[in-house]
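The primary structure of each chain is shown beneath.
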Amino acid sequence: MTEFHKPPKEAKVAILTAGGLAPCLSSSVGFLIEKYTARNPSIEIICYISGYKGLLSGEHVKVTDAVRENASVLQLHGGSPIGNSRVKLTNVEDCVKRGLVVEGENPLHRAAEQLMMDQVTILHTIGGDDTNTQAAKIAEYLEGHNYPVTVVGMPKTIDNDVVPIKQSLGAWTAAEEGAKFFANVVNEQSANPRMLIIHECMGRDCGYLTAATAKAYMDSLHGLPLLPGLNLTKQRKCLHAVYVPEVRIDVDAEARRLKRVMDTHDCVNIFLSEGAGVHDIVAQLEARGESVPRDAFGHVKLDKVQPGAYFAKQFAEKLGAEKVLVQKSGYMARAAPANVADRALINACATLAVECGIKGNSGCIGQDEERGDSLRAIEFPRIKGGKAFDVRVDWFQDLLRQVNSV
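Residues numbered from 1 in each chain as written. Predicted model: local features only at pLDDT ≥ 70, side-chain atom pairs only at ≥ 80, totals over all residues. Heavy atoms only, no water.

Trainee: What exactly am I supposed to notice about the environment of Gln397 here?
Mentor: Note that Gln397 resides in helix H16 (residues 394–404). Along the chain, Gln397 and Pro381 lie 16 residues apart, while their C-alpha atoms are 33 Å from each other. If sequence neighbours within four positions are ignored, Gln397 has contacts with Val391 and Arg392. Engagement of the side chain of Gln397 in a polar contact is seen with the backbone oxygen of Val391, the distance being 2.6 Å. (Helix = DSSP H or I, 4+ residues; strand = E, 2+ residues; numbered from the N terminus. Contact = heavy atoms within 4.5 Å. Polar contact = N/O pair within 3.5 Å; in protein donor to acceptor, adjacent residues only side chain to side chain.)

The following block contains the structure:
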């Protein structure tokens, strides 16, 4: 190790956001900058551009005094001011293909070397399980080279599917925004007789977002002025089905039930998680010899599989629908600014993240379901993706009873 790579005497903070968007990224960056500035304005802060892509290339921006003074502006915006990318450091082939490393170079080692070159001592990663576990691997490598870096993650995912975290940042906002989206889309039922509307929500393996969005939408109907004498009824505005990956869809049985809804109310409104039924769809495609495209993380590219269109075709004929409309709220929902509830949680997480960074305590900040929901720095080896939505929770069972009673 060169003289340049000796750990610096002064703390230096780096922040990066990675993975897909969520309504917490801009807010998280803003809170971290504000809290470090309040704690010690002499601590240098840099932000890597476009997540791990920027870390591998060394592209970053320094947080100036002017940025510190106006960091609160970030609470008003969605997206990430410093940019994201879907770069997986353990997918060497993809990193080589992108030109981020050369053949034979280990991306994890390259990222670690860049942190040493930039003399970073505290790294904050805002992302999902992959983002945070990759950061932990970088920290392990650096620890083995006598260059300790404290890595403190913040859990970002609108799917709320990170183990063992009770509530991921941005998920509440995404549900609220998705409900607002459908409050307009549902009026398309008046555009044509026997209308079938499918609202496809994000959620590859976890139905939380679809369920929470459906609940938020149904809650919004309480007290809404209507005019039944002119066919403006709650039954036409209501949801008639909610499908999540955790529950198998019996298309024939559901079609018989929904046919009665269509015959009575002249429309059917369905909320569908994009991951619902995907395994069956993929199996059918592969059985026909068709290739199923996947991303750098090995995930099926859902925009190519199109679950909404698949189920629209399945139901349309069985329901006698004259017109079908499939609408996706995902990009609108995930790019929104954090709402009041999310900002409160982000604020609490950022406060603890800064405290942990300064004290040298690595981990992913979140409400630990396996430790009494306490807000703490959760050990990285315990962080995992793929947490299923618990369909047994009371609020979801109440929602299904409402939906099935229409």
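Trainee: In this structure, what is going on with the nonpolar core? I would like to understand it.
Mentor: The nonpolar side chains of a soluble globular protein tend to be buried, and buried together. Core analysis: the largest hydrophobic core is formed by 67 residues, its most contacted members being Ile15, Met154, Tyr217 and Leu239. Among all residues touching Met154, those that are not within four sequence positions of it are Ser28, Leu32, Thr125, Ile126, Gly127, Asn132, Leu169, Ile346, Cys349, Ala350, Ala353 and Cys364. Counting 35 residues, the second largest nonpolar core, distinct from the first, contains Tyr52, Leu56, Cys95 and Ala136. (Core = buried A, V, L, I, M, F, W, Y, C linked by side-chain atoms within 4.5 Å. Buried < 20%, exposed > 50% of the residue type's maximum accessible area, 1.4 Å probe, protein only.)

Trainee: How should the pairing of strand E4 (residues 122–127) be read in this particular structure?
Mentor: The two faces of the sheet receive side chains in turn, since in a regular strand these alternate between them. Counting buried positions along E4 gives six out of six residues, so the element sits mostly inside the fold. Residues Ile122, His124 and Ile126 of E4 are buried on one face, and the alternating residues Leu123, Thr125 and Gly127, pointing to the opposite face, are buried as well. Inspection of the sheet shows strand E1 (residues 12–17) paired to E4 by five bridges, in the parallel sense. When the bridges of E4 are listed, Ile15 appears paired with His124. Bridge analysis of E4 against strand E5 (residues 150–155) gives six bridges, and the strand direction is parallel. Looking across to E5, one finds that Thr125 is bridged to Gly153. Running through helix H6 (residues 129–144), the crossover from E4 to the neighbouring parallel element E5 is right-handed. (Pairing = 2+ DSSP bridges. Right-handed = clockwise from strand over helix to strand, strands pointing away.)

Trainee: I would appreciate a short explanation of a nonpolar patch on the surface in the present structure.
Mentor: Judged by side-chain polarity, Leu227, Leu230 and Leu232 come together as a nonpolar surface patch covering roughly 300 Å² of accessible area. Among the secondary structure elements, Leu230 is positioned in the loop between helix H8 (208–220) and helix H9 (234–237). What makes Leu230 exposed here is its relative accessible area of 65%. (Patch = residues over 30% accessible without salt bridge, like charges linked within 9 Å, V, L, I, M, F, W, Y side chains within 5 Å. Areas by Shrake-Rupley, 256 points an atom, 1.4 Å probe, with all protein chains shown as cover. Salt bridge = Lys/Arg side-chain N within 4 Å of Asp/Glu carboxyl O.)

Trainee: Looking at this structure, I do not really get empty space enclosed by the protein. What am I missing?
Mentor: To find leftover empty space, one rolls a probe the size of a water molecule over the atoms. All told, the structure shown has one cavity of 30 Å³ or more when counted by the stated rule. Quantified by volume, the largest cavity comes out at close to 30 Å³. For the lining of the largest cavity, the residue count by class is five nonpolar, four polar and no charged. (1 Å grid on protein atoms, 1.4 Å probe; cavity = no way out; pocket = protein on both sides within 12 Å on 5 of 7 lines; lining within 4 Å. Points joined across faces, edges and corners; volume = space filled by probe spheres on them. Nonpolar A, V, L, I, M, F, W, Y, C, P; charged D, E, K, R; others polar.)

Trainee: Can you walk me through the sheet that holds E4 in this structure?
Mentor: Adjacent strands of a sheet form backbone hydrogen bonds with each other and so pair up, either parallel or antiparallel. Taken in spatial order, the seven strands make up an open sheet running E3-E2-E1-E4-E5-E10-E11, and their pairing is mixed. With one partner strand each, in any of the chains shown, strand E3 (60–62) and strand E11 (374–378) form the two edges of the open sheet. Between one strand and the next, the sheet's axes are offset by a mean angle of 25 degrees, whatever the strand orientation. Here strand E10 (residues 363–368) runs beside E11; their pairing, made up of five bridges, is antiparallel. If you follow Gln367 over to E11, its bridge partner there is Leu375. H6 rests against E1, E4, E5 and E10 of the sheet, and its axis sits at about 160 degrees to E4. (Axes fitted to C-alpha atoms, helices over the stretch in contact; angles between N-to-C directions.)

Trainee: Would you explain the sheet that holds strand E6 (residues 195–201) in this entry?
Mentor: Spatially, four strands are ordered E7-E8-E6-E9 in an open sheet, and the strand pairing comes out parallel. Strands at the two margins of the open sheet, each flanked by one partner only, are strand E7 (241–243) and strand E9 (323–328). Ignoring which end each strand starts from, the neighbouring axes of this sheet average 15 degrees apart. Relative to strand E8 (residues 267–273), E6 is paired through seven bridges, and the arrangement is parallel. Note that in E8 the partner of Ile197 across the bridge is Asn269. The strands touched by H8 within the sheet are E6, E7 and E8, with E8 carrying the most contacts at an inclination of about 140 degrees.

Trainee: Whenever I open this one, the layout of surface pockets confuses me. Can you help?
Mentor: The space that makes up the largest pocket amounts to roughly 1,000 Å³. Contributing to the lining of the largest pocket are 39 residues, with Arg86, Asp159, Arg204, Glu274 and His299 lying nearest its centre. Among the elements of the structure, H6, E6, helix H12 (302–305) and helix H14 (330–334) are those that each provide at least two residues to the lining of the largest pocket. Of the residues assigned to the lining of the largest pocket, the class counts are twelve nonpolar, twelve polar and 15 charged. Considering only enclosed or pocket space, the second largest pocket measures out at about 480 Å³ in volume. The wall of the second largest pocket is formed by 23 residues, among which Asn160, Gln167, Trp172, Tyr208 and Trp395 lie closest to the centre.

So far we have only geometry, and geometry alone does not tell us how the molecule works.
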